[in-house]
Amino acid sequence: MEKISKGQYHVSINLNSFKMKTSTVLVAGATGLVGSEICRLLSAKNLTVKAMVRTTSDPVKIEQLTKSGVQVVQGDLRKKETLSQVLHGVTTVITSVSSMPFSYQPGENDIQKVDVDGMINLIDAAKLAGVNHFIYTSFSKNMDLDFPLRNAKRKVEKYLQESGLTFTILRPGYFMEVWLSAAVGFDAQGGKVNICGTGTNPVAYISYKDVAKFAVESISNTAAKNAILELGGPENLSQLDAVKIFEDVLQKKIEVGYVPADALQSQLNGAEDPMQKSFSGLMLCLANGDQIEMKDLLKVLPVKSTSVREYVLSVVADS
């Protein structure tokens, strides 16, 4: 709080409030899982938010964004000329954009065009627009085999670090909402799950909602400036540990099938489509484990995160 004397009067200015009202955050990937949650959290903090969507974005999701109080703007990472207007007045960019898995279209909306070229376009445009802070969502350092999505993420990380922009690189592990779901063959509620590898290596499953919390916290926390943040959940559990939690909550045995690591390696080697190759790579990395220790980071970015058990309880309650 700063006081300015004017004659016998004192005018008080809340500098933090002023900063909040004049800061504008652009969220790229705003209709996605993480991006929409980021928009919701930012809106709840009364921050000025621009949600970048494309002409082809789901109108239902766009309506949800509008109702949450954010400004919806049209832009396309693949088209440089659309970005300067979108970035006008923006102080912080948060991006969770990826072509995988839901919007993937070979040659049109793929890893090269979106995850590499599109992200580089956004970084360049942000620099030209005078953006103060660029927050990029990558993934865990443990996902480090040679496959297209991994290579794209690391290339963009390097480009951002060398751009001259103040950056934050978020490296979350495996989303529990995805990797402990039927979408990837982990159908615990249906009574059967497929395990990658032996299922015994530790994995720091994280909720996408907690990734969004870290993204929002990174805007104002100095510990996140020019930093790479490895993000995991509150505990490192094996895939089989997760099965046991589901069994405990559901009160039933679950049939477990195994996809051996060498079979996953063969899939990775044989896949020709970049998305299939990347998905095989992610499954093999899961088999190898993704252990992330959060103790030190939580001292400077105190975000309360969701445990696998809490997630399982919520899934069962909603079913």
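Bear in mind that the values here come from a model prediction, so they are computed numbers and not experimental data.

About the criteria used
Residues numbered from 1 in each chain as written. Predicted model: local features only at pLDDT ≥ 70, side-chain atom pairs only at ≥ 80, totals over all residues. Heavy atoms only, no water. Pairing = 2+ DSSP bridges. Helix = DSSP H or I, 4+ residues; strand = E, 2+ residues; numbered from the N terminus. Axes fitted to C-alpha atoms, helices over the stretch in contact; angles between N-to-C directions. Contact = heavy atoms within 4.5 Å. Phe/Tyr/Trp six-rings, centres within 6.5 Å; stacked < 30°, edge-to-face > 60°. Buried < 20%, exposed > 50% of the residue type's maximum accessible area, 1.4 Å probe, protein only.

Visitor: What am I meant to see in the sheet that holds strand E7 (residues 133-137) here?
Guide: Strands belonging to one sheet form pairs held by backbone hydrogen bonds; the direction of such a pair is parallel or antiparallel. Across the sheet, which stays open at both edges, the seven strands sit in the order E5-E4-E3-E6-E7-E8-E11 with parallel pairing between neighbours. One side of each edge strand has no neighbouring strand; the edge strands of this open sheet are strand E5 (71-74) and strand E11 (227-231). Here the strands of the sheet are splayed against their neighbours by 20° on average, with no regard to which way each runs. Its contacts with the sheet put helix H2 (residues 33-44) on strand E3 (24-28), strand E4 (48-53) and strand E6 (92-95), and the angle it makes with E3 is roughly 165°.

Visitor: Help me out: how do you make sense of the packing of aromatic side chains in this one?
Guide: One pair of aromatic rings is described through two measures. These are the centre distance and the angle between the planes. The full count for this structure, using the stated rule, is four aromatic pairs. Here the aromatic rings of Tyr-174 and Trp-179 are separated by 5.1 Å at their centres, their planes lie at 85°, and the arrangement is edge-to-face. Residue Tyr-174 is classed as buried on the basis of its relative accessible area, which comes to 2%. With a relative accessible area of 11%, Trp-179 lands in the buried category. Where Phe-186 meets Phe-246, the ring centres are 5.8 Å apart and the plane angle is 55°; that geometry is what we call tilted. In this pair, Phe-186 sits in strand E9 (residues 186-187) while Phe-246 sits in helix H9 (residues 239-250), placing the two residues 60 residues apart along the sequence. For the pair formed by Phe-186 and Phe-246, the shared burial category is buried. By the ring-pair criterion, three or more aromatic residues cluster together here, those being Tyr-174, Trp-179 and Phe-279.

Keep in mind these values describe shape, not function.
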